[in-house]
There are 2 protein chains.
Amino acid sequence: MPVAEIIARRRSIRAYQPEAPVSDEQLHNLLEAALLAPSACNMRPCEFIVVRDRGKLDAIVQAHPYAGMLKTATLAIIVIGNTNIHNDISAGYLFQDCAAATENILLQAVSEGLGSCWCGVYPTEDKVAAISELFALPENLVPFNIIAIGVPAEADGSRGFYEEEKVRWE
Amino acid sequence: MPVAEIIARRRSIRAYQPEAPVSDEQLHNLLEAALLAPSACNMRPCEFIVVRDRGKLDAIVQAHPYAGMLKTATLAIIVIGNTNIHNDISAGYLFQDCAAATENILLQAVSEGLGSCWCGVYPTEDKVAAISELFALPENLVPFNIIAIGVPAEADGSRGFYEEEKVRWE
């Protein structure tokens, strides 16, 4: 599928087929896509927690007000920004790197026939604190977001569209 | 080309074929890809400045210490975060939205046979000030980055790779 079609089909999926399998190969492809994303000065400061344990997924639902779709999602990927990994130039760009890695996961998911939903964590302080506590994260590992992954139980198709008024020409 | 291959071929291109054409259709496809990216609460807060004027491209090179590849790039896309467009939930996520839109542009560029390079601007204050002044941006339009676009004069192929030690399993 051309990347333009992948981009056009991606949307936030909030209903999944419960307990539908996500294969190890699919999961590897998602993580590899994330780890091939660009990063400032090629510092590669992003890490990932794959959550397949049902008890931990339910605990995230309790800890995060907008992560209810994890009740039916097969798994979650938590994108982590490691604040220890930077140089003088890259330091301010950590969470942009995490966002690029996230977008790669969302697009690869479409290609795998999977759905996804990006649930923001950073920079909302109480969400960062709750997820950090749940996964016993040291201070240098900041939970950036939680990505629900599963087999969609609702239609895909982006809600996005081209808008000429958002483009200025020089 | 499958999205996994697109992701694997993307890399920062710093040498372009001077004055190689980028068609209106290619440019439209890049902007459409950006405008189909996810945004927090679907607020769609990203805008874009397309810079094709050679004088303005050269002025960016003068204003930004790491944008030297614009000397040979055909054009630049400046991704802008509009701080006026948010709700209570989305407010902190503006620049993550800009990063997702950026990644879509980078991947679509590969699909178009084009190269790209993400030059960070926000949150580096002097770069934000310099680009804002150059394009007479009001305070609510924050230049997030500058993306060089052109026909590559160097090989593509990501420098990224899968790293098992960056993944934790739960």
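Fair warning: this is a prediction, and the values are worked out from it, not measured in the lab.

Engineer: Looking at this structure, how should I read the overall build of chain A?
Structural biologist: Of regular secondary structure, chain A possesses five helices and five strands. Start at the N end of chain A and walk to the C end: the helices and strands fall as α-α-β-α-β-α-β-α-β-β. The C-alpha atoms of chain A give 16 Å as radius of gyration, which agrees with the globular expectation for 170 residues (15 Å, within 12%). Burial status across chain A gives 56% buried among its 170 residues. For chain A, the proportion of contacts with a sequence separation of at least 24, taken over those separated by at least 6, is 80%. About 6,900 Å² of surface is accessible on chain A, with carbon and sulfur atoms providing 49% of the total. Looking at chain A, you have 13 positive and 22 negative side-chain charges, and the mean spots of the two groups are 6 Å apart.

Engineer: Even after reading the chapter, I still don't get the environment of Asp97 of chain A, so can you show me in this structure?
Structural biologist: All names here are of chain A. Within the secondary structure, Asp97 is located in helix α4 (residues 94-111). The buried category is assigned to Asp97, whose relative accessible area is 5%. Sequence spacing of Asp97 and Gln108 is 11 residues, and the spatial spacing of their C-alpha atoms is 17 Å. A polar contact of 3.0 Å, which involves the side chain of Asp97, links it to the backbone nitrogen of Ala40.

Engineer: I'm lost on the sheet that holds strand β4 (residues 141-150) of chain A in this one. Help?
Structural biologist: Within a sheet, adjacent strands bond to each other through the backbone by hydrogen bonds, running parallel or antiparallel. The five strands are arranged β3(A)-β4(A)-β2(A)-β1(A)-β5(B) in an open sheet whose pairing can be described as mixed. Only two strands of the sheet have a single partner each, and these edge strands are β3 (115-120) of chain A together with β5 (167-169) of chain B. Taking the axes of each pair of neighbouring strands and ignoring which way they run, one obtains an average angle of 25 degrees across the sheet. The pairing of strand β1 (residues 46-51) of chain A with strand β2 (residues 75-82) of chain A spans six bridges and is antiparallel. Within β2 of chain A, the position partnered with Val50 of chain A by the bridge is Ile77 of chain A. On top of the sheet, helix α2 (residues 24-35) of chain A reaches β1, β2 and β4 of chain A together with β5 of chain B; it is set at about 160 degrees to β1 of chain A, its chief contact.

Thresholds, definitions, all that
- Residues numbered from 1 in each chain as written.
- Chains lettered and ligands numbered in written order.
- Predicted model: local features only at pLDDT ≥ 70, side-chain atom pairs only at ≥ 80, totals over all residues.
- Heavy atoms only, no water.
- Helix = DSSP H or I, 4+ residues; strand = E, 2+ residues; numbered from the N terminus.
- Rg over C-alpha atoms; globule rule 2.2 N^0.38 Å.
- Buried < 20%, exposed > 50% of the residue type's maximum accessible area, 1.4 Å probe, protein only.
- Contact = heavy atoms within 4.5 Å.
- Areas by Shrake-Rupley, 256 points an atom, 1.4 Å probe, with all protein chains shown as cover.
- Lys, Arg positive; Asp, Glu negative; His and termini not counted.
- Charge placed at Lys NZ, Arg CZ, Asp CG, Glu CD.
- Polar contact = N/O pair within 3.5 Å; in protein donor to acceptor, adjacent residues only side chain to side chain.
- Pairing = 2+ DSSP bridges.
- Axes fitted to C-alpha atoms, helices over the stretch in contact; angles between N-to-C directions.

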